[in-house]
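Spelled out from the first residue to the last, the chains are:
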Amino acid sequence: MSVGSRSLENRTFPLIFAAPSGAGKTTIAQRLMERRGDVVFSISMTTRTPRSYEHNGVHYHFVEEDEFRRLADAGELVEWAEVHGNLYGTPARNLTEAIERRQYLILDIDIQGARQIRRAVPEAVSIFVLPPSGVELGQRLAGRGSEDGAVRRRRLDNARAEIQAAGEFDYVIVNGSLDTSVAAVEAILLTEGCRTSRLPGLKQEIGRLDDEIGQCLRGIGSPPSSSSDPQRGT
Ligand code: ADP
Ligand code: 5GP
């Protein structure tokens, strides 16, 4: 008779992705979401102008500065910061909804935001994505074609300060091969999910296993007493 098998469910957690603009964190996040249904992207608020391919409510919630500041003052943003001259923030409900739905929430946020989240949500896991080289970073930014030369220059200039913070993060991924980067994030999700602190059902599971081992032992029966069969080995 089969007794079946169980898995020990872990609590999901937010995954902070930070990187200099153009390193590839959005691309990695998109690949992950294509591969698995339990990963969801945190849609931020921003005062930035939408790019031609961006849609409100899909890539960002695009709002005016007044509205952004009203939401921040009302405590509806778990973190917010000024980045490259625009305001960006994470709606607090993104985190609560992801936990309720047992999803891993990917936060594509800057270093100031990452610091705020790490303080507010200690169970969050943080990953810093580095480009394979400075030249490649410049080429990826240009290749994306979404910013003009002045904006690219500003972002590359900011990148020099941003990479200095990589050591604050739990993990660093050099995004050379996209496949390897995605595999590394999946490995992190798997490993972090095995932490005892993320296993609310561990005690119960150990109790159940203990009962099953007890049943198994009863099935084997009592050991023969040594006097009844003196020839028998151990
Ligand atoms: P970020 O979100 O970090 O600003 P993006 O994900 O928008 O960066 O990536 C910037 C550009 O680099 C995009 O054109 C993307 O297709 C490209 N890119 C991302 N990852 C890789 C990679 N591993 N190899 C080559 N090009 C990449
Ligand atoms: P972009 O304008 O290229 O979409 O994003 C610019 C920068 O803003 C990126 O470094 C991105 O990670 C950051 N960013 C996006 N959303 C948020 C957010 O909600 N909070 C913070 N602090 N930074 C964000």
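Fair warning: this is a prediction, and the values are worked out from it, not measured in the lab.

Which residues make up the overall build of the protein, and what values do they have?
The helix and strand tally for the protein stands at 8 helices and 9 strands. Taken over the C-alpha trace, the protein has a radius of gyration of 25 Å; the compact-globule value for 234 residues is 17 Å, which it surpasses by more than 25%. Counting only C-alpha atoms, the protein reaches 90 × 40 × 30 Å along its principal axes. Looking at the protein as a whole, 39% of its 234 residues are labelled buried. Counted over contacts in the protein with a minimum sequence separation of 6, partners at least 24 positions apart contribute 68%. Of the roughly 13,900 Å² of accessible surface on the protein, 50% is carried by carbon and sulfur atoms. A gap of 3 Å separates the mean positions of the 29 positive and 32 negative side-chain charges of the protein.

Tell me what's going on with the site of ligand 1, and back it up with residues and numbers.
The environment of ligand 1 is formed by 13 residues, the closest being Gly22, Gly24, Thr26, Thr27 and Arg144. In this structure, Lys25 approaches ligand 1 through a main-chain N or O atom, which is 2.9 Å from an oxygen atom. At 2.3 Å from an oxygen atom of ligand 1 is found a side-chain nitrogen or oxygen belonging to Thr26. With the chains in place, 76% of the 560 Å² that ligand 1 exposes on its own is no longer accessible. Elements with a minimum of two residues in the shell around ligand 1: α1 (25–35) and α5 (134–144).

Please provide a residue-by-residue account of the site of ligand 2, values included.
Around ligand 2 lies a shell of 17 residues, among which Ser44, Arg48, Tyr60, Tyr88 and Arg155 are the nearest. Take Arg48: an N or O atom from its side chain is 2.6 Å from an oxygen atom of ligand 2. Take Tyr60: an N or O atom from its side chain is 2.4 Å from an oxygen atom of ligand 2. Structurally, ligand 2 is housed in the largest pocket. At the level of elements, β5 (77–83) and β6 (86–91) are the ones that each hand at least two residues to the shell around ligand 2. The residue makeup of the shell around ligand 2, split by class, is 5 nonpolar, 5 polar and 7 charged.

Break down the sheet that holds strand β3 (residues 44–46) for me, with residues and values.
Adjacent strands of a sheet pair through backbone hydrogen bonds, lying either parallel or antiparallel. Within the open sheet, the 4 strands sit side by side as β4-β3-β6-β5. Their pairing is mixed. What marks the edges here is a single partner per strand, and that holds for β4 (60–62) and β5. Going from strand to strand, the sheet's axes swing by 25 degrees on average, the running direction of each strand aside.

Give me the lowdown on the layout of surface pockets, citing residues and values where you can.
Left-over empty space is what a probe sized like a water molecule reveals as it rolls over the atoms. Quantified by volume, the largest pocket comes out at close to 860 Å³. Among the secondary structure elements, those contributing two or more residues to the lining of the largest pocket are α1, β5, β6, α5 and α6 (149–162). With 5 residues, the single largest contributor to the lining of the largest pocket is α1. Looking at side-chain class alone, the lining of the largest pocket contains 15 nonpolar, 12 polar and 11 charged residues.

If you had to explain the pattern of salt bridges to someone new, which residues and values would you point to?
Evaluation of the coordinates by the stated rule reveals 17 salt bridges. Here Arg102 and Glu9 are joined by a salt bridge, their closest N and O atoms 3.7 Å apart. In this pair, Arg102 is assigned in the loop between α3 (92–100) and β7 (104–108) and Glu9 in the segment before β1 (15–18), connecting sequence segments 93 residues apart. For Lys25, the salt bridge is made with Asp108, and the minimal N-O distance between the two is 3.3 Å. Here Asp108 lies in strand β7 and Lys25 lies in helix α1, a separation of 83 residues in the sequence. In this structure Lys25 comes out as buried when scored by relative accessible area, which is 14%. For Asp108, a relative accessible area of 16% puts it in the buried group. Within the structure, one salt-bridge network assembled from shared partners comprises Arg35, Arg36, Asp38 and Glu186.

Conventions we followed
- Residues numbered from 1 in each chain as written.
- Chains lettered and ligands numbered in written order.
- Predicted model: local features only at pLDDT ≥ 70, side-chain atom pairs only at ≥ 80, totals over all residues.
- Heavy atoms only, no water.
- Helix = DSSP H or I, 4+ residues; strand = E, 2+ residues; numbered from the N terminus.
- Rg over C-alpha atoms; globule rule 2.2 N^0.38 Å.
- Buried < 20%, exposed > 50% of the residue type's maximum accessible area, 1.4 Å probe, protein only.
- Contact = heavy atoms within 4.5 Å.
- Areas by Shrake-Rupley, 256 points an atom, 1.4 Å probe, with all protein chains shown as cover.
- Lys, Arg positive; Asp, Glu negative; His and termini not counted.
- Charge placed at Lys NZ, Arg CZ, Asp CG, Glu CD.
- Near = heavy atom within 4 Å.
- Polar contact = N/O pair within 3.5 Å; in protein donor to acceptor, adjacent residues only side chain to side chain.
- 1 Å grid on protein atoms, 1.4 Å probe; cavity = no way out; pocket = protein on both sides within 12 Å on 5 of 7 lines; lining within 4 Å.
- Sits in = over half its atoms within 2 Å of the grid points.
- Nonpolar A, V, L, I, M, F, W, Y, C, P; charged D, E, K, R; others polar.
- Pairing = 2+ DSSP bridges.
- Axes fitted to C-alpha atoms, helices over the stretch in contact; angles between N-to-C directions.
- Points joined across faces, edges and corners; volume = space filled by probe spheres on them.
- Salt bridge = Lys/Arg side-chain N within 4 Å of Asp/Glu carboxyl O.

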